[in-house]
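# Structural features, examined
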Amino acid sequence: MIVLGIETSCDETAASVCIDGKIVSSIISSQEIHAEFGGVVPELASREHEYLLNTIVNRSLEKVGFNYHNIDGIAVTQGPGLAGTLLTGICFAKGLSQGLSIPIITVNHLEAHIFANFIADPELEFPFISLLVSGGHTQLWLIENVGKYKLLGETLDDAAGEAFDKGARILKLGYPGGPAIEKSAKGGIPSAIKFPRGLIKSDSFDFSFSGLKTALLYYMDDYSNNTITMNDVAASYQEAIIDVLSIKLSKAMDYYKITTCVIAGGVAANKNLRTRIHTLLPEKKVIFPELDLCTDNAAMVAYLGELKLKNGEQSKINFGVKPNLKMITF
Ligand code: KG4
Ligand code: ZN
């Protein structure tokens, strides 16, 4: 089965083709227009998707010598995400589905992030724990089977990626904050400043990053210490986020006696986080998908969509956007 996947939940315009579980093309265009605003401007993001979608979809098909008539089905992200940006992808996908008389299936963006790990490692087996760390989400999931997911914990305030982005804004390092802080942290000492580790001592698997951001804000208000460099500040801030993420993941693995974990979402691109988790869990199977599969992409949408279509699922054409779509838990 040949499935075209479309992803427009935030600021990546992406299209991908999946054939029988194999991704044969994946095109991602990251919108740079938001950098000057220090964060995604929803209205601008929607307009960019509208402008780019046709080109990106065509490129994903042309890459494998296909045109629209080769597709057997369409998969599109329904949520969670920005209402306006989701709408652009959905309208485009619906048009194709109607015009070509082929089935359409909606995909949950979070579930797709988790399934990106099957593209990264086809040998991946249930059960596993997924740490989902993106700009909008920080969640720990126990994935028992297809459609059988248990939310173990999540952030009570800011997401980890948001903490990186807000921290970078305070440190005037630019957007997106994660790569900017990681770069600045390279020359710094992670133990220079002891920033708070939210909920680190709590038995729950929930997270909290808003206190960390406030601590950084106060620290910078009084910053005048020549012995502590801005690289030290970035390294210490990053260290606080990595500490919490890795320790909570490790505790969850022990508590649920799970031997495999997968790390998804944009923050999974962080090399220090990768090293720390590998160090902390030497006996476990740890999967970090490659960068293009960690951040927003349409390969994960096409892959999950094809799985669902093959399972006999199909969406009625009158579905709408679901900006707050959750994953069903058991
Ligand atoms: O999954 P994603 O691409 O988009 C969604 O939010 O769904 O994640 C984007 C987030 C941003 O907050 C960005 O700062 C963060 O991932 N990020 C990183 C790194 N690269 C991207 N955070 C830490 N270190 C990185 N290298
Ligand atoms: Zn995402």
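The present account deals with the structure reproduced in this document.

## Describing the site of ligand 1
In the neighbourhood of ligand 1, 20 residues make up the surrounding shell, with G135, D165, G178, E182 and G266 lying closest. Within the backbone of G266, one N or O atom sits 3.0 Å away from an oxygen atom of ligand 1. Between ligand 1 and D296, the relevant distance is 3.3 Å, taken from an oxygen atom to a side-chain nitrogen or oxygen of the residue. Starting from 550 Å² of accessible surface for ligand 1 in isolation, the protein chains cover 87%. It is helix α5 (residues 177-185) that contributes the most residues to the shell around ligand 1, 4 residues altogether. Split into classes, the residues belonging to the shell around ligand 1 amount to 5 nonpolar, 12 polar and 3 charged.

## Concerning helix α10 (residues 299-310)
Between its first and last C-alpha atoms α10 spans 16 Å; for 12 residues at 1.5 Å apiece the expected length is 16 Å, and the two agree. With 10 of its 12 residues buried, α10 lies for the most part within the structure. Where α10 terminates, the next one or two residues include G312, which has phi positive at roughly 90 degrees.

## Describing the sheet that holds strand β7 (residues 138-145)
With mixed pairing, the 5 strands of this open sheet are ordered in space as β8-β7-β6-β9-β10. Here the strands that pair on one side only, and so sit at the sheet edges, are β8 (148-154) and β10 (285-287). Here the average twist between neighbouring strands, direction ignored, is 20 degrees. One ladder, built from 3 bridges, connects strand β9 (residues 260-264) with β10; its direction is parallel. Bridge pairing links T260 to K285 in β10.

## Topic: the pattern of salt bridges
With the rule as written, the count across this model stands at 12 salt bridges. Of the charged contacts, one joins D158 and K166 as a salt bridge, the two residues approaching to 3.2 Å between their closest N and O atoms. Taking the relative accessible area as the measure of exposure, D158 reaches 7% and is therefore buried. Taking relative accessible area as the criterion, K166 reaches 22% and is therefore assigned partly exposed. The closest approach of N and O atoms between K213 and D158, which form a salt bridge, is 3.1 Å. Taken together, the positions of K213 in helix α6 (residues 210-221) and D158 in the loop between β8 and α4 (160-170) put the pair 55 residues apart, joining distant regions of the chain. Taken together, the shared-partner salt bridges connect D158, E162, K166 and K213 into one network.

## Thoughts on the coordination of the zinc ion (ligand 2)
Protein coordination at the zinc ion (ligand 2): the donors are H109 (NE2), H113 (NE2) and D296 (OD), at 2.1 to 2.2 Å from the metal. Taken together, the 4 donor atoms coordinating the zinc ion (ligand 2) span angles of 93 to 150 degrees at the metal, a pattern that classifies the geometry as irregular. Considered as a linear motif, the donors of the zinc ion (ligand 2) on their single chain read H-x3-H-x182-D. Of this pair, H109 sits in helix α3 (residues 109-120) while D296 sits in the loop between α9 (291-294) and α10; the two residues are 187 residues apart in sequence, bridging distant segments of the chain. When sorted by exposure, H109 lands in the same class as D296, which is buried.

## Points about α3
Across its 12 residues, α3 extends 17 Å between first and last C-alpha, which sits within 8% of the 16 Å expected from 1.5 Å per residue. Most of α3 is tucked away, with 10 of its 12 residues classed as buried. When we look at burial in α3, the residues that qualify are H109, L110, E111, A112, H113, I114, F115, A116, N117 and F118. Of the residues flanking the start of α3, the one acting as N-cap is N108, its side-chain oxygen 2.8 Å from the backbone nitrogen of L110.

## Some words on the pairing of strand β1 (residues 2-7)
Within β1, 6 of the 6 residues are buried, leaving the element largely enclosed by the surrounding structure. Taking every second residue as pointing to the same face, both faces of β1 are buried, with I2, L4 and I6 on one and V3, G5 and E7 on the other. In terms of strand pairing, β1 meets strand β2 (residues 12-19) through 6 bridges, oriented antiparallel. Across the sheet, E7 pairs through a bridge with A14, a residue of β2. Hairpin geometry of β1 and β2 is characterised by an intervening segment of 4 residues between the two adjacent antiparallel strands. Summarising the sheet, β1 and strand β4 (residues 73-79) pair through 4 bridges and their orientation is parallel. Opposite G5, over in β4, you have A75 as the bridge partner.

Rules and cut-offs
Residues numbered from 1 in each chain as written. Chains lettered and ligands numbered in written order. Predicted model: local features only at pLDDT ≥ 70, side-chain atom pairs only at ≥ 80, totals over all residues. Heavy atoms only, no water. Near = heavy atom within 4 Å. Polar contact = N/O pair within 3.5 Å; in protein donor to acceptor, adjacent residues only side chain to side chain. Areas by Shrake-Rupley, 256 points an atom, 1.4 Å probe, with all protein chains shown as cover. Helix = DSSP H or I, 4+ residues; strand = E, 2+ residues; numbered from the N terminus. Nonpolar A, V, L, I, M, F, W, Y, C, P; charged D, E, K, R; others polar. Expected span 1.5 Å × (residues − 1). Buried < 20%, exposed > 50% of the residue type's maximum accessible area, 1.4 Å probe, protein only. Pairing = 2+ DSSP bridges. Axes fitted to C-alpha atoms, helices over the stretch in contact; angles between N-to-C directions. Salt bridge = Lys/Arg side-chain N within 4 Å of Asp/Glu carboxyl O. Donors = N, O, S within 2.8 Å, 3.2 Å for Na, K, Ca; no water. Tetrahedral: all angles 85-135°; square planar, octahedral: opposite > 155°, others 65-115°.

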